[in-house]
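Structural overview
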Amino acid sequence: MTQAPTPTAETVRRLVRTLLHDGDGPDVTPVAEGGHATWWVGARHVLRLAADRDATARQRRELRLRSLVRPHIGASVPMSVAHGEWAAGLGYTLDARLPGSTGSERDVSAVGEADLAALLSGLREVPARQAETLGVPRVPPRSLETLRTAAAHAAERLAERDEFDPARLAQFAAPAARQLAPQPGAAVLVHRNLRDDHLVVSDDGRVRGVLGWNDAVIGDPAEDIAGLAAAVGAPAAVRAATLADYGARPCLRGLWLARCDALVTLADGLQGRGDTPLPDLRARLRRAWEPILLERVTELPGDETP
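1. Quick word on helix α1 (residues 9-20)
Three- or four-residue spacings in an α-helix give side chains the same orientation, since the helix completes a turn every 3.6 residues. In a regular helix each residue adds 1.5 Å, so twelve residues correspond to 16 Å; α1 covers 16 Å between its end C-alpha atoms and thus fits that length. Along α1, the positions that sit buried rather than exposed are Val12, Leu15, Val16 and Leu19. What you see down the axis of α1 is that its buried residues fit within an arc of 100 degrees, all on one side. Each element contacted by the buried residues of α1 is listed here: β1 (28-30), β2 (38-41), β3 (45-49), β4 (80-87) and β5 (90-96). His21, located one to two residues past α1, shows a positive phi value of around 55 degrees.

2. Concerning the side chain of Thr56
Take Thr56: it is sitting in helix α2 (residues 53-69). Taking relative accessible area as the criterion, Thr56 reaches 2% and is therefore assigned buried.

3. A look at the packing of helix α7 (residues 222-232) against helix α9 (residues 248-270)
Two elements in contact, α7 and α9, have axes whose closest approach is 7 Å; the angle formed by their N-to-C orientations is 55 degrees. Overall, the two elements α7 and α9 adopt an arrangement that is oblique. α9 is crossed by α7, and the crossing has right-handed handedness. Taken together, the residues of α9 that come into contact with α7 (itself represented by Ala222, Glu223, Ile225, Ala226 and Ala229) are Pro250, Cys251, Arg253, Gly254, Leu257 and Ala258. A per-class count over the contact of α7 with α9 returns eight nonpolar, one polar and two charged.

4. Describing unusual backbone geometry
Comment: phi is negative for the bulk of residues other than glycine, and the bulk of peptide bonds are trans. Here the phi dihedral of Asp162 falls at roughly 60 degrees; this positive angle occurs in a residue that is not glycine. Phi is positive for Asp245, which is not a glycine, with a value near 70 degrees. Inspection of the secondary structure assignment puts Asp245 in the loop between α8 (234-243) and α9.

5. Quick word on the sheet that holds β3
The strand order across the open sheet formed by five strands is β1-β2-β3-β5-β4, and the pairing between neighbours is antiparallel. In this open sheet, the two strands that pair with only one neighbour each are β1 and β4. Shown here is a sheet whose adjacent strand axes are inclined to one another by a mean of 25 degrees, direction ignored. Contacts between α1 and the sheet are confined to β1, β2, β3, β4 and β5, with β3 contributing the most and set at about 120 degrees to the helix. Against the sheet, α2 makes contact with β3, β4 and β5, and its axis sits at roughly 35 degrees relative to β5, the strand it touches most.

So, how was this worked out
Residues numbered from 1 in each chain as written. Predicted model: local features only at pLDDT ≥ 70, side-chain atom pairs only at ≥ 80, totals over all residues. Heavy atoms only, no water. Helix = DSSP H or I, 4+ residues; strand = E, 2+ residues; numbered from the N terminus. Expected span 1.5 Å × (residues − 1). Buried < 20%, exposed > 50% of the residue type's maximum accessible area, 1.4 Å probe, protein only. Arc of directions from axis to C-beta. Contact = heavy atoms within 4.5 Å. Axes fitted to C-alpha atoms, helices over the stretch in contact; angles between N-to-C directions. Parallel < 35°, antiparallel > 145°, perpendicular 65-115°, else oblique. Left-handed = near helix turned anticlockwise from the far one by under 90°. Nonpolar A, V, L, I, M, F, W, Y, C, P; charged D, E, K, R; others polar. Pairing = 2+ DSSP bridges.

Put into structure tokens, the structure is as follows:
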């Protein structure tokens, strides 16, 4: 199989000059140190380059999906000003940059939590069948029992490094994992990557935009509650989900998805697996494990998912 070319700054500059009809072209800078997939283009645009054909297919699907979700979620989604191929079979999109900072740089305010609630409500309103016709896959919900087992092993590894007290995981016993199984018919459009750096936050703490739609699926809405728990903290995530009319079951399920994921990813990161910086993984663990009052709930009604 032919290896995909690695884009250089000169590759990006030539492409941008063609797209923006600018003789000299604006400055281009990779978004991530050592990265080649996403580039800042001046102060107004961001260029994303697909590294393989699978990424190209997901990027093209994302462009269609953005148009579908835009009327529903309240917050802005990126607008592509140009898209095509930067190399044979490899796609790109040049997007207008959304104004604001990421959630990793600025805290979300109480009003911003209402924006997150509107996001969760809007995702539920997106017609799932229409999303599937765009190529958005339908995925089954994850097993909390399986994830809990993996998290318990991760907690022991973290304890050896004084990163986590595994006794904290004892409150999430096997019966609780079974009790928090998702309800039938609960699948909705799920962003599935609501990291803090995918939330665009204004100076007043409002959530003005949402980035990173290429991993969206039709699936378990608790996955997005989990993403928010790791991004903005468990209490804020649960408040937003409650404002979006999600009940105790999906909120608690999302909380434990976030907590177990955070344990596993930090343990993997300490062993050199994954490319997320350790400070970010530790921050996500801390936010996901912030206590919430809802944890005192011991019995759940038969169906709390809208």
